[in-house]
Amino acid sequence: MGNPLPPRERMKLPRQKMPEQEPTERRQNFAEVNLGLDELLARREALRCLECASPRCTQGCPVGVKIREFIQLVLEGDYLGAAAKIREDNVLPAITGRVCPQEHQCEGNCILGKRGEPIGIGYLERFVADYEREHGGPALPPKAPPTGKRVAIVGSGPAGLSAAGDLVRKGHEVLVLEALHEIGGVLIYGIPEFRLPKEIVRQEVENLRRLGVRFQTNVVVGKTVTLDELLGREGFDAVFVATGAGLPVFLNIPGEHLCGVYSANEFLTRVNLMRAGQPGADEPVFDCRGKEVVVIGGGNTAMDAVRTAVRLGAATATIVYRRSEAEMPARLEEVKHAREEGVRFQLLTAPVEFLDDGRGWLDGVRCVRMELGAPDASGRRRPVPVPGSEFVIPARMAVIAVGNRGNPLIQSTTPDLATTPEGYIRADPETLKTSKKGVFAGGDIVTGGATVILAMGAGRRAARAIDEYLRTGPW
């Protein structure tokens, strides 16, 4: 059909706003904040696409989704066709449509963003994925004939799931091993329900199961079974290590041992997997109802933690971040939502001590004011303490959300697996091959903490390299 509007008219159309729960309502529940576009809003947004001959949006997508083509199908009203087009390159569209930082990737490359707002690619991706799920789920894509080759994938996060979807379609037998009791990795334990409903993740996992991927939970590779045993007695032809970066980084300041001080990993995992936000649940986390909560950090994980504390009934929920808001790495939408929900921002501030109430429990956070100096290795201006500026923020619970490292378990039980000085697995950036024959690695366990879609891109590259290795043999 084609776009009925000439390009000049398309550029005048405003970006459609995402319907949301009202802040006063959503701060009291764990239901999803963004409510999704309806058909009318989706068609209006699709009308804005300029149908570029060489789409920069696709060039900015780590998994190479054919964005122009799927938006054209939305414009034609073929929503199931649009979902199928996305799934050619992305096995988790309902997830990436919700949590991908599109503003730095596909939408960041959109030509419309040069003079105004880019097209809402993430909104449209979520719309067609939700439409597909509400109308019977995806049709199974064609699969290659069985190859007789077996691949073990360690970790069921975005890198592992993406690799599994591609490999099973290439005809290989795929088993995904997960250390925890539910499949999904960081998608399940690390992202709150109000941003990514767990039922969405479970449905995407079920789609992979229907495709032929097998899953096994409660398997801690490095303890339950080693890489050598997977490649030996278990009979796998290749292994893809996609365990993520789940080892929290701490501040190494006095008082970190106090009761009421959590890492963001532990706090969010307890809330997500032990259902702390549900009525009648046991208390897997500190009861912060009516109490002061401080979250240290400025990324998406910090926003997830502080907004979770709000929903658990905190009297005050404060972000403490050592730089200014301009340097804050969290998505703009997450910062906006946090402010609307009453989160306080204590910027240019760094904690120097957690204070003891005399009984081993947290009573406050001693902080120091900061000012920005010369840029550091990240390109952001380095924060420098202001002498004599110390002050105390009252707090009964604190959450440390300043980053993660790779869990060393697999590396420590696999001596011939080369690692970096920081403890990440060394892998070729293109083939993701490691120093150990038959073992590939990708995602956060190689690069350090990154985004869901970058991990999925690594999973796709790994699947291509594993398929080539299984079919040709040479390492």
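Within any chain, residue numbers begin from 1 and follow the written order of that chain's sequence. For this predicted model, a pLDDT threshold of at least 70 governs which residues receive local features, and a threshold of 80 or more governs which side-chain atom pairs are given and counted, while totals over whole chains, interfaces and linings are taken from all residues. The side-chain quantities take in all heavy atoms of the structure and omit both hydrogens and water.

## Comments concerning the state of the cysteines
Note the threshold: The disulfide definition used here is simple: a pair of cysteine sulfur atoms within 2.5 Å. Type-normalised accessible area, obtained with a 1.4 Å probe on protein chains alone, sets the label of each residue: buried when under 20%, exposed when over 50%, and partly exposed for intermediate values.
Under the counting rule described, the total for this entry stands at zero disulfides. Free of any disulfide, Cys-100 has its nearest neighbouring cysteine sulfur in Cys-106, separated by 6.5 Å. Under the relative-accessibility criterion, Cys-100 is labelled buried at 5%. With no disulfide of its own, Cys-288 lies closest to Cys-259 among cysteine sulfurs, the gap being 15 Å.

## Some words on the side chain of Arg-331
Test applied: Put simply, DSSP H or I for four residues or longer makes a helix, DSSP E for two residues or longer makes a strand, and each gets a number counted from the N terminus. Any N or O atom pair separated by 3.5 Å or less is treated as a polar contact, with the protein-specific requirement of one donor-capable and one acceptor-capable atom, and with residues adjacent in sequence counted only for side-chain atom pairs. When checking whether two residues touch, look at their non-hydrogen atoms; a contact exists if any pair is within 4.5 Å.
Among the structural elements, Arg-331 can be located in the loop between strand 8 (316–320) and helix 15 (332–340). A polar atom in the side chain of Arg-331 sits 2.9 Å from the backbone oxygen of Cys-100. Ignoring sequence-local partners within four residues, the contact set of Arg-331 consists of Arg-98, Val-99, Cys-100, Pro-101, Gln-102, Glu-103 and Asn-300.

## Looking at unusual backbone geometry
For Glu-51, which is not glycine, the phi dihedral falls at a positive 55 degrees. For Glu-51, the location among the structural elements is in the loop between helix 3 (39–46) and helix 4 (56–59). Although it is not a glycine, Leu-432 adopts a positive phi angle of roughly 60 degrees. Within the element layout of this structure, Leu-432 appears in the loop between helix 16 (409–412) and strand 16 (439–441).

## Things to note about the sheet that holds strand 1 (residues 150–154)
Our working rule: Strand pairing is defined by DSSP finding a minimum of two bridges between the two strands. Interaxial angle, 0 to 180 degrees, is taken between N-to-C directions of lines fitted to C-alpha atoms, where a helix line uses only the stretch in contact.
With parallel pairing, five strands are arranged side by side in an open sheet as 3-2-1-4-16. Either end of the sheet is taken by a strand with one partner, and the two such strands are strand 3 (214–216) and strand 16. Geometrically, the sheet is characterised by an average inter-axis angle of 20 degrees between neighbouring strands, direction not taken into account. The pairing of strand 4 (residues 238–241) with strand 16 spans three bridges and is classified as parallel. Bridging across to strand 16, Val-241 finds its partner in Ala-441. Against the sheet, helix 18 (residues 452–472) touches strand 1, strand 4 and strand 16, its axis set at about 170 degrees to strand 4.

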